[in-house]
Amino acid sequence: MSRKKLSEFRAKSLLYDSLGQAYEGWQLDGHGKDWRAVVEGLDGDKRYVVKVDQAEKGRFKKGLVKLNRDKKAVMKDAKELFAAGYRYLLVEIYREHDAADEWYLSIERLRNGKQLSFSKLGGVDVEDHAKDMIVETYNGRQASKIAVPAKSLKALITAFDDNYFGFLEINPLIVKGNQLTLLDAAAEADSEATFFETGWNEADLRQPKSRELTPEELAVQELADKSQASFSLEVINPNGSIFLLLSGGGASVVVADEVFNLGFGEQLANYGEYSGNPNFEETRLYTEQIASLLLKSQAPHKVLIIGGGVANFTDVRTTFKGVIAALQVHEDQLIRQSVKVFVRRGGPHEKEGLAAMKHYLEQVGMAGYIAGPELLLSDIVGLAAKDGGFK
Amino acid sequence: MSKIDIKALRALEPAVLSVGSHPATLQAILDFDFLNGRREPSVKAIVASGRKHERYFFGTREVVIPVYESLKRVPAKQKQAINLFVNLVSGRRVLNTTSELIAKLPKLAGGVIFAERLPERHALALYDQAKQHDTWIAGGASVGLVIPGSLKLGAIGGVEASQFTASNLFTAGQVAVVSSSGGMVNEIIRVVADSGWGVSFALAVGGERFPIVSPRDAMLAAEADPQTKAIAYFGELGGTDEYEIAELLKTKRLTKPIVAYIAGTVAELFETPPQFGHAKAMAGSSKESASAKRQLLNEAGAKVGASFADFVNYIKELELMTIDKNSQDTDQLSHRQKGLISSSLSYDVDGEVQILGRDLLDLAENHSFAFIVMSMLLGKQEVSKETEAFADFVLRLLVDHGPYVSGAMNSIVTARAGRDLVSSLSAGLLTIGPRFGGAINEAAGTWLKGVSQNIKPADLVEDFASRKRYISGIGHRKYRSDFPDPRVKKIIGLTEGLKDRKFTDFARAVEAETLQKKGNLILNVDGAIAAGLLDTLSQTEGYSLEELADLVDTEFFNALFVLSRSVGFMAHFFDQRRIDEGIFRLGDDHVTKL
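Here is what the cut-offs are and how they apply
- Numbering of residues begins from 1 in every chain and follows the order in which that chain's sequence is written.
- For this description, chains carry letters from A and ligands carry numbers from 1, given in the order in which they are written.
- Given that the model is predicted, a residue must reach a pLDDT of at least 70 before its local features are reported, and side-chain atom pairs must reach 80 or more before they are shown or counted; all residues, however, enter totals for whole chains, interfaces and linings.
- Counting from the N terminus, the helices are DSSP H or I runs at least four residues long and the strands are E runs at least two residues long.
- Radius of gyration means the value over C-alpha atoms here, while the globule rule gives 2.2 Å times the residue count to the 0.38 power.
- For every residue, the other C-beta atoms within 10 Å of its own C-beta are counted; 20 or more classify it as buried, 12 or fewer as exposed, and values in between as partly exposed. C-beta atoms are placed from the backbone.
- What counts as a contact here is a pair of residues whose C-beta atoms, placed from the backbone, lie within 7 Å.
- For every domain, the bounds stem from an assignment made automatically or drawn from a database.
- Charged means Asp, Glu, Lys or Arg here, nonpolar means Ala, Val, Leu, Ile, Met, Phe, Trp, Tyr, Cys or Pro, and polar covers whatever is left, Gly included.
- An expected span of 1.5 Å times one less than the residue number is assigned to each helix.
- The arc in question is traced by the directions running from the helix axis to the C-beta atoms.
- Two strands pair if DSSP finds at least two bridges between them.
- Orientation is described by axes fitted as lines to C-alpha atoms, over the contacting stretch for helices, and by angles from 0 to 180 degrees between their N-to-C directions.
- Note that the term roughly parallel is reserved for angles under 35 degrees, roughly antiparallel for angles over 145, roughly perpendicular for angles of 65 to 115, and oblique for everything else.
- Confidence of the predictor at the level of single residues is captured by pLDDT, which takes values from 0 to 100.
- Note on definitions: a nonpolar core is a set of buried residues drawn from Ala, Val, Leu, Ile, Met, Phe, Trp, Tyr and Cys, linked by C-beta atoms within 7 Å.

1. Structural notes on the overall build of chain B
Working step 1: Each helix and strand counted, chain B has 23 helices and 17 strands in total.
Working step 2: Here the C-alpha atoms of chain B give a radius of gyration of 33 Å, more than 25% beyond the 25 Å that 2.2 N^0.38 yields for 594 residues.
Working step 3: Judged by the C-alpha coordinates and their principal axes, chain B covers about 105 × 55 × 50 Å.
Working step 4: Here chain B holds 594 residues, and the buried ones make up 47% of them.
Working step 5: In chain B, the proportion of contacts linking residues at least 24 apart, taken out of those at least 6 apart, comes to 76%.

This is how it looks when you write it as C-alpha cells:
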C-alpha cells in the first residue's frame, strides 16, 4: 500500500540505465546461495563500498556502511552483517572524492508536479545548509537553476516517472562533466504500480530490519492478499492488555488515538482494521488472529475492543457473525483468562448484529459493554480501560 | 481547479452512469431518489460485462437499468445526457475508464471513484484531465457525495433506507462534512444529524495521498454553498492537505466556522509507525504528523479537537438553527421481492393480453402476420412497411424445399415411426444448425463484418480461402452464373426502393470475386435474405452496426427460416400420415460397410 522504499541497488540500476551510464554495483542476498560467488568474482585489485540495503535510517552512524574495502574485507563484512540479521547488502566500487564536490538532489511527486530540491552543499550536513537549497517545481521544461546537466536531469526524471517513484533523494551526488555519480540514493516507489510495467517488482521493496512478523500478522497479510476487502494487523506490544478488533481505516485510527490520548499507549497490544465488507469467513479468520494474540499475552487483565464507526456498506450482521464464530472457538480460554469484550459499532443491519453479539457475550459472561451509534465512537475505550483497571 | 458547485448540484436533474456494478450501492442510490420524491431513478446506465440489464427496485416497483459492455456501446443520446458518474471498478482499471468518461461525456459535471489502491501517478493524471475538462472527481477511495434531499452518489450515508432516516438525509441541513475517511464521513454525518443541525452536503475525498478533489477544493465548495453555515472536517496524519486549508483560513477565502479532528496522534507511540488504514496515513516528516497539523489549523482559526470527543462537542456547540427531522416511510422498502423473471414483451393487463403495450386483438385485427412476427421478434411496437413486406415474402419463400433436405427428412422418418405432430415437427427443427438452415445468420455476420470493418471483398474471399472455409450465403449445387436462381433475383428486388443497400452491394461484390473462381459460387437465397434484412433494418428501422451485431449474436437472422420451415415440417407430417407407408427402414444396399 502506498509509497514503499525501493532497494538502493534497484533504484541506482534504473537511474544509471536511464542516464546511459554503466552501474558498477552488486546486490548480495544473504538468504540466497550465490552471494559468495558474487564476492569471489570481484576484482582483487579494486576497492569497494559495502552497505546494508534495506531502508535502514542513519546507516553511517550505525556502522552499516563500510568504505574502502578490498575483496577479502568485503567477504568479512558480508559475513558479519548477515550474521547480525541483515539480509540485503549492496557492494559498489569505492570512489575517492572531495567532500566539496558533494551535491544534493531530491525529487518529490506533489500534486502540481515534481518538486526538485538541489544544493551544491550536499553530503551529511545538507540540513545545515537548508537556506541554500534551490527548490523548484518541474514543469517539463528545463529546470533552470539546477546545475545538473539538463540532459542528465531529464534522464533522472524520466526514470522517476516511468518507474512510479514518489520520492528520490541522491546525496551526495557528484557531477563531473556529463558523468553523474550517485554515491547514495534513496527511492520510494508506489507499491500500487506493481500491476503496471516498471523496472522493479515486489522483491525490490525493502523494509527496515525489524522483528520477525508473528504468525498472526503473516496470516492477516495472506488474508488481505486473497480478499477484495482490506485487512491489516500490526503487533505493538505482544504482552499488551488492550486488544483492538476495529473496522474502517479512519475509525480505527480514532479508537487507537483515544487509547494513546488516555495514556494507555503502553498497554496497547495491536493496531489493525478490516473494511470493505468482508464476508463471514474472512471476518472469522481475521478475528481468530486477534484472539490468538490476545491469548498469548501475559498481561494480567486483558480487554478486547470491537470498535468501528457507522459503516456505509459493511454488513454488521454478517461481519459480527464471523467475529462471534471465532470467539466461540476460543471461548473456554477467553473465559478462563477473564477477558471482557467492549463493542461499539453501527451500519447496515446493526440491530441484528449488535443483538447477536450482546446475546452471545452475555451468555458466556464476556460482555463488557455493547453499544451502537448512541455511544460516542471513542468512548468505548474509556469504558474498557475502566473495567480493566488500567492506569 | 475542478470546482464542485453544490448549489448547482442541488438543482441538477441527475443522470448517473455507473462504471462497474455494485448492486447494494446502486439500490441505495435508487432508494434515496425514491424517498426524496424523484420520479425516475438517477442511475441511467451501467457499464459492465456479462449482461444487458440489471434489475432494481424504484420504491416497490421493479425497474431495469441497461448494462453496456463498454462506454462506446452506450447510445449516443444517453451519453449526451449523463452528467454524473460513479466508478466502481478496481484501482488498476480506474485511469483508463475514468479518462474515457471525462473525454466522451460532454455534460459531465463530476463523479466519484470508489476504488482504493489507485497509483499516485494515475490520480495525478486524472487531476490534470479533470482540470482541463472543467469537471470534478472525488476519490480515489471515496465512498461518495451526498446532498440531503437531492443527490446521493455512492455508498455514502448507508445502503439501508433506515440509515437515511437516522442521518436525516431527507432535509438539507447546514453543516458540510468533509472527510478523508469513508467510514468516518458516515459517522460524522450521524453526529451532525443527532446534533440537530443537519448536513448540507457530505463528501468523502478519500484517504489516498493525492485525493483528486482535494480537501481544499471541498472547503471552497462549502464556502461557496449558501446552504452551508459551518464545516466539520476529518483529516489524518500524512500529506500536507491541511496546510492548504490553513492558507485558505489565513487569507480569508474560508470564512465559515470549521471544526476538525486530525486522526493519528497514536503514531507518536512508534519509532517507525505502521501504515495506518489509508494510503496517505503515514507521516513523511514531522510536518505531516497529526499534532503538527492540528496545531497549524488551530492557529489558522479552526477549532480542532485534541480528542474525538472534543471534536464532537465542537460540532454540538455550533450556533445554528435546528432543522426538522424529516422521516419517510422506509418500511415499505423492507419487504420487496424481485420477480422470478422479467419480460418486456407481453403481459396481462386487466385480463387482456398486451404485446409490447398493444392489445392483442387490436393487433390481430389491424396487422398482417408478418408485421406481428417482426414486431415481436425485434421487440419493437412498430415496424416499417418495408420490413413487413420483406418478412412476408421470406416467410412464404422458405416454407419448404422438398422432402430431400435433412430437416424434412427427419420429420418424415419420425412421422412414419408413428410419432405425433409435435415430435415430428421437433425432429425437423432440431436438425437446423450450421449445416442446415443456419446459413442466413452466418451470412449476415459475414456481410456485417465486411461492411463495419470496411473489408475489401477480395480480401474477405482470400481470408476464407486461406482458412479453407466456405462463405455462407455463397454457392449453389444447381444454379450457376449463367443459370441464375430466380428466387435470389426476386429477393434482391424487394429492397430496390431503399436509398442505401450497402449490405446487398457488399454481398454482390463478394459474389463478383467468388465467380472468378468458379461459376456456381453465386449469391444464394440465404446470402440474399441476410443482406436484404440487414439493409432493411439499417435503413427503415434505424439499427446501428452495433445493434445489428447484437442481432447476429442472438441468431436473429435464422428466426424467419425456423418459423417458415415449421410449416413445411408439419405439412410433411400430415402428408406422411395421409400416405401411411409404415415405418421407414434403410435396406442393406443403402448402407455402405466400411
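The rest of the description comes next.
2. Describing the overall build of chain A
Working step 1: Helix and strand counts for chain A stand at 11 helices and 18 strands.
Working step 2: Each principal axis of the C-alpha atoms in chain A carries an extent, and together these give about 75 × 45 × 40 Å.
Working step 3: Burial status across chain A gives 46% buried among its 391 residues.
Working step 4: Excluding contacts between residues fewer than 6 apart, the proportion of contacts in chain A whose partners are at least 24 apart in sequence is 74%.

3. Looking at the domain arrangement of chain A
When the parts of a complex come together, some accessible area is lost, and that lost area is often used as the size of the interface.
Working step 1: When cut into domains, chain A gives domain 1 (23-93), domain 2 (99-196) and domain 3 (215-388).
Working step 2: Measuring from the centre of the C-alpha atoms in domain 1 of chain A to the corresponding centre in domain 3 of chain A gives 44 Å.

4. Remarks on the interface of chain B and chain A
Working step 1: Counting residues at the interface gives 50 residues for chain B, matched by 42 residues for chain A.
Working step 2: Elements with a minimum of two residues in the side of chain B that touches chain A: α2 (23-35), α4 (91-104), α5 (120-132), α7 (182-195), β12 (230-236) and α11 (308-316) of chain B.
Working step 3: In terms of residue count, the dominant contributor to the side of chain B that touches chain A is α7 of chain B (6 residues).
Working step 4: Class assignment for the residues of the side of chain B that touches chain A results in 23 nonpolar, 17 polar and 10 charged.

5. Observations concerning helix α3 (residues 71-83) of chain A
Residues and elements named next belong to chain A.
Working step 1: A rise of 1.5 Å per residue sets the reference length of α3, with its 13 residues, at 18 Å; its end C-alpha atoms lie 19 Å apart and thus fit the reference within 8%.
Working step 2: Among all positions in α3, only V74, D77, A78 and L81 are buried. For α3, the angular spread of the buried residues around the axis is 100°, confining them to a single face. For α3, exposure combined with an orientation more than 90 degrees from the buried face picks out K72, E80 and A83.
Working step 3: Those residues of α3 hidden inside the fold are in contact with β2 (25-29), α2 (35-40), β3 (48-52), β4 (65-69) and β5 (88-93).
Working step 4: Trailing α3 by a residue or two, G85 shows a phi angle of about 100°, which is positive.

6. Quick look at the sheet that holds β5 of chain A
Residue and element names in this part refer to chain A.
Working step 1: Taken together, the 4 strands give an open sheet; going across it, the order is β2-β5-β3-β4, and neighbouring strands pair in antiparallel fashion. Edge positions in the open sheet fall to β2 and β4, since each of these has one partner strand only. Taken pair by pair, the neighbouring strands of this sheet meet at an average axis angle of 20°, ignoring direction.
Working step 2: In terms of strand pairing, β3 meets β4 through 3 bridges, oriented antiparallel. Counted as the bridge partner of Y48 is R69 from β4.
Working step 3: Sheet strands touched by helix α1 (residues 8-19): β2, β3 and β5. Its angle to β2, the strand with the most contacts, is close to 155°.
Working step 4: Running at roughly 5° to β3, α3 makes contact with β2, β3, β4 and β5 of the sheet.

7. A short note on the sheet that holds strand β10 (residues 175-179) of chain B
Residue and element names in this part refer to chain B.
Working step 1: Here we have 7 strands laid out as an open sheet, ordered β9-β8-β11-β10-β12-β13-β14, and mixed in their pairing. Each end of this open sheet is capped by a strand with a single partner; those strands are β9 (151-153) and β14 (303-304).
Working step 2: Sheet topology places β10 next to β12; 5 bridges connect them, and they run parallel. By the bridge assignment, V178 is partnered in β12 with Y233.
Working step 3: α11 rests against β12, β13 (258-263) and β14 of the sheet, and its axis sits at about 165° to β13.

8. A word on the domain arrangement of chain B
Working step 1: Here the domain parsing of chain B yields domain 1 (6-327) and domain 2 (406-427 + 431-579).
Working step 2: Here the C-alpha centroids of domain 1 of chain B and domain 2 of chain B sit 55 Å apart.

9. Describing the packing of helix α13 (residues 369-378) of chain B against helix α14 (residues 385-397) of chain B
Residue and element names in this part refer to chain B.
Working step 1: Contact pair α13 / α14: the axes reach a minimum separation of 8 Å and the direction vectors enclose 105°. Taken together, α13 and α14 sit at an angle that is classed as roughly perpendicular. Contacts between α13 and α14 pair A370, F371, V373 and M374 from the former with T387, E388, A391, D392 and L395 from the latter.
Working step 2: Grouping the amino acids of the contact of α13 with α14 by side-chain chemistry returns 6 nonpolar, 1 polar and 2 charged.

10. As for the confidence of the model for chain B
Working step 1: Of all residues in chain B, 99% attain a pLDDT of 70 or more, and the chain-wide mean is 93.
Working step 2: Scored by ipTM, the complex comes to 0.90, with pTM at 0.83.

11. Observations concerning the nonpolar core
Working step 1: Ranked by internal contacts, the top residues of the largest apolar core, which has 161 residues, are I305 of chain A together with V177 and V192 of chain B.
Working step 2: Residues in contact with V192 of chain B, not counting those within four places in the same chain, are G173, V175, V177, W197, G198, V199, A232 and I315 of chain B.
Working step 3: Ranked by size, the runner-up nonpolar core spans 46 residues in total, among them V394, L533, L537 and L560 of chain B.

12. Overview of unusual backbone geometry
Working step 1: Along the chain, N171 of chain A connects to P172 of chain A via a cis peptide bond; the corresponding omega equals 0°.
Working step 2: Within the secondary structure layout, P172 of chain A lies in strand β9 (residues 165-176).
Working step 3: Here the residue pair G139 of chain B and G140 of chain B is connected by a cis peptide bond, since its omega of -5° sits within 30 degrees of zero.
Working step 4: In this fold, G140 of chain B is placed in the loop between β7 (136-138) and β8 (144-147).
Working step 5: The backbone of N454 of chain B shows a phi angle near 55°, a positive value even though the residue is not glycine.
Working step 6: Mapped onto the elements, N454 of chain B comes out in the loop between α17 (439-452) and α18 (457-466).
Working step 7: Even without glycine at this site, D580 of chain B takes up a positive phi of about 50°.
Working step 8: One can find D580 of chain B in the segment after α23 (559-579).

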